[in-house]
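Structural overview for review
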Amino acid sequence: MPGGSSKRKARPDSGAAQLPLRRFIPFRHSDLLRLCRERGELDAATMAQFETAAQHLRANFRDEFHALRQSLKDAYAALDPDTDTRSVGAHPPAEDTGELRERLVEILERANYDRVSERDLQRALRASSLFQVRLHVDLDDFAELLLYTRGASRREEQVRELFGLWRRTVRFTNYDRVLLYLRLKPDLDESSTLGDCPAGSTLLKLFQNVPEADIEMLFPNIRVGMRMLDKLLIGVPALVSGGIALTTKVGTTLLLLGSLIGFWLGLSSQPVTLDKPMLIALGAGLAALGGYLWKQFANFRNRKLRYTQALTENLYFKLLDNNTGALLRILDDAEDAECKESVLACYFLLAHGAPMTAPALDAAIEDWFAEQLQCRLDFEIDDALGKLQRLGLASCEGEHWRAAPRRGTSSGEKPEPPG
C-alpha cells in the first residue's frame, strides 16, 4: 500500500495557515530499533519474535528495492544527461519517460514526499524571495515538470534592508528536502540557458533546506534580474553624477559638437574652425563621456555578478545530488521509510499483547513519538499494517489486529520474495 493514508492531520499549533503533520519519521532505523529494545516491555520469547520479524522485514525490503533500483536505472539510462556508458542494442526513445515517471512517483510516495501542485508552484514563484534577488524562470523550456517536498516547517528569519540599517522578521515555510524532476523539450531553443544540456534529456535534482519563496532558485535556467531598489541605487547616482559631468567636463564638448552638426546640416551659417586646442578639448570631452558611460555599465554588471555569485554559493550548500545520484538516494530513503514504519507497527502490536484497532495502534505510536522523542508526526498506520499483513507478520480479525509469529525464519528459512 505505497503512498499511505490519504487523510493528513494538521499541526495543532501552526496557526491560521496550518501545515500537515510530517509523514516522514526523522530518526534512523537503527536508533528506533535500539529504543524499542530498551523499553523492556517484551519478555524473552516475544523479543525473539520481534527480532525475527525485524530481520525478515529488512531482508524483504532489501530484495524488493534491489530489484526496483535496477529497473529504475534501466528506465533512466537513455535519459540521463550525465551518463558515460555506451548504449548496446535498441533502447526506448529519449522522450518516452512514462515508465520512469510512474516508478519515480511511486518511490517518492513511499519515501514520504508530497507533490507540489501547479497552483502552489505558481504561488511560490510569485512570492518575494528571502534571498533578496529578482529571479526569472522560463517554464516553457520544460516539456514536463514535477516538484516534490518533504519535511515542511514554519521558520522565521531576520532580513536586513537599507544597507543593514533596518531589520524585519520574515516568517516562511521551509522544506527539509525538495526533489525537482525536469524533462527538457526535444526542440529546446539554443538561446536558452539550458543550451548545454542534451535536448529531451531528463534532470533530477535533490536539494535540502529550501524556503518556499526560494523555489525558483532551484531551476537550472534561472536568470538574475535587478530589483527596483537596485535600479534606483544605480540610476539616481548616475543621473546626479551625469548632470554634474555634463555641466562641467562635457558641456563644452557637447556645445562644440552641436555647432558642428548644425553647420553640416545647414541649420547654422556660422562656420566652426577646428584647430589643435579645440580638437584636444573635443577628444578629452569624448573620453570623459565614454569613461562615464563605461563606469555606469560596470556598476550595473558588477552588481549583477555579485548577486550571481551569492546565488551560486547559496546553491552549493543546498544541492544534495543530481540525476542518477538523486534517484539512488530517493530509493534508499523509501526503503528506510518502509522498514521503520513496519518495524514500529510490529513492535507496538507485540508490546500491547492483545488485539488492537488500527486507530488505537496509530495513536499509541504517535503518542510515543510525541512524549519520548518530542516529535509530532502522522504515522501511516494503514500502510504499515498492510505491509505486515502481506508478509504474514500480522493478521486482522474484524477491526482488530494482532501480531502473527513468523515461523521458521529464525532457523534459516529463506524469507518469501516480495509480493
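What you see is a predicted model; the values in this text were computed from it and never measured. (Residues numbered from 1 in each chain as written. Predicted model: local features only at pLDDT ≥ 70, side-chain atom pairs only at ≥ 80, totals over all residues. Heavy atoms only, no water.)

So, about the overall build of the protein chain. A tally of helices and strands in the protein chain yields 10 helices and 10 strands. Partitioning the intrachain contacts of the protein chain with sequence separation of at least 6 by distance along the chain shows that 75% fall at a separation of at least 24. Element-wise, carbon and sulfur atoms account for 54% of the exposed surface of the protein chain, whose accessible area totals about 23000 Å². (Helix = DSSP H or I, 4+ residues; strand = E, 2+ residues; numbered from the N terminus. Contact = heavy atoms within 4.5 Å. Areas by Shrake-Rupley, 256 points an atom, 1.4 Å probe, with all protein chains shown as cover.)

There is about 420 Å³ of room inside the second largest pocket. Together, 24 residues line the second largest pocket, and Leu19, Pro20, Thr149, Ala152 and Tyr175 are the ones closest to its centre. For the lining of the second largest pocket, the elements supplying multiple residues, two or more each, are strand S1 (114-115), helix H4 (118-126), strand S3 (142-161) and strand S4 (166-184). The biggest single contributor to the lining of the second largest pocket is S3, with 6 residues. (1 Å grid on protein atoms, 1.4 Å probe; cavity = no way out; pocket = protein on both sides within 12 Å on 5 of 7 lines; lining within 4 Å. Points joined across faces, edges and corners; volume = space filled by probe spheres on them.)

Turning our eyes to something else, we now look at the sheet that holds strand S8 (residues 356-357). Within the open sheet, the 3 strands sit side by side as S8-S10-S9. Their pairing is antiparallel. In this open sheet, the two strands that pair with only one neighbour each are S8 and strand S9 (394-397). The sheet strands contacting helix H8 (residues 323-352) are S8, S9 and strand S10 (400-403), and the helix crosses S10 at an angle near 95°. (Pairing = 2+ DSSP bridges. Axes fitted to C-alpha atoms, helices over the stretch in contact; angles between N-to-C directions.)

Looking now at the pairing of S9. Successive residues of a regular strand alternate their side chains across the two faces of the sheet. Sheet topology note: the S9/S10 ladder contains 4 bridges and is antiparallel. Considered in S10, the bridge of Ala394 is made with Ala403.

This paragraph deals with the pattern of salt bridges. Considering all chains together, one arrives at 26 salt bridges under this definition. Note that Arg110 and Glu338 form a salt bridge whose closest N and O atoms lie 2.6 Å from each other. Of this pair, Arg110 sits in helix H3 (residues 98-110) while Glu338 sits in helix H8, and the two are 228 residues apart along the sequence. Residue classification places Glu338 among the buried positions, given a relative accessible area of 2%. In this structure, the salt-bridge partner of Lys387 is Glu341, at a minimum N-O distance of 3.1 Å. With Lys387 in helix H10 (residues 381-390) and Glu341 in helix H8, this residue pair connects regions lying 46 residues apart in the sequence. Of the two residues, Lys387 and Glu341, both sit in the buried class. One network of salt bridges, with partners in common, ties together Glu64, Glu106, Arg110, Glu338, Glu341, Asp383 and Lys387. (Salt bridge = Lys/Arg side-chain N within 4 Å of Asp/Glu carboxyl O. Buried < 20%, exposed > 50% of the residue type's maximum accessible area, 1.4 Å probe, protein only.)

Taken as a whole, the protein chain shows an average pLDDT of 78; of its residues, 64% reach a score of 70 or greater. Across residues 1-6, where pLDDT falls below 50, the model places 15 contacts with residues more than four positions away in sequence or in other chains. Note that residues 408-419 has pLDDT below 50 and, in this model, 19 contacts with residues that lie over four places away or in other chains. (pLDDT = per-residue confidence, 0-100.)

For strand S5 (residues 202-211), the tally of buried residues reaches 8 of 10 residues, placing the bulk of the element in the interior. Where S5 lies against strand S7 (residues 319-322), 3 bridges are found, and the strand directions are antiparallel. Each residue of the ladder has a partner; that of Leu206, found in S7, is Asp321.

We now examine the packing of aromatic side chains. In this structure the tally under the stated criterion is 7 aromatic pairs. A centroid spacing of 5.2 Å and a plane angle of 85° characterise the contact between Tyr316 and Phe317, whose relative ring orientation is edge-to-face. Just as Tyr316 is exposed, Phe317 falls in that class too. A ring pair is formed by Tyr347 and Phe348, whose centres lie 5.5 Å apart and whose planes are at 85°; its orientation type is edge-to-face. Look at Tyr347 and you get buried, because its relative accessible area is 0%. Among the aromatic residues, those joined into a ring-pair cluster are Phe27, Phe50, Tyr347, Phe348, Trp368 and Phe369. The ring of Phe24 carries Arg150 above its face, with NZ or CZ at 3.7 Å from the centroid. (Phe/Tyr/Trp six-rings, centres within 6.5 Å; stacked < 30°, edge-to-face > 60°. Lys NZ or Arg CZ within 6 Å of the ring centre and 35° of its normal.)

Bringing H3 into the picture now. For H3, spanning 13 residues, the distance from its first C-alpha to its last is 19 Å, which sits close to the expected 18 Å at 1.5 Å a residue. Buried within H3 we find Gly98, Leu100, Leu104, Ile107, Leu108 and Arg110. Backbone geometry just downstream of H3 places Asn112 in the positive-phi region, at approximately 70°. (Expected span 1.5 Å × (residues − 1).)

With 62 residues, the main nonpolar core has Phe50, Leu344, Leu349, Phe369 and Leu388 as its most contacted residues. The element that contributes the greatest number of residues to this core is H8, accounting for 14 residues. If sequence neighbours within four positions are ignored, Leu388 has contacts with Leu57, Ser342, Ala345, Cys346, Leu349, Leu393 and Ala394. Counting 24 residues, the second largest nonpolar core, distinct from the first, contains Val116, Leu188, Leu311 and Leu315. (Core = buried A, V, L, I, M, F, W, Y, C linked by side-chain atoms within 4.5 Å.)

Right, let's get into the environment of Ile330. Mapped onto the elements, Ile330 comes out in helix H8. The class for Ile330 is buried, based on a relative accessible area of 0%. The residues contacting Ile330, other than those within four sequence positions of it, are Ile107, Leu108, Ala111, Tyr113, Leu179 and Leu206.

So, on to the environment of Leu204. Looking at the secondary structure, you find Leu204 in strand S5. For Leu204, a relative accessible area of 1% gives the class buried.

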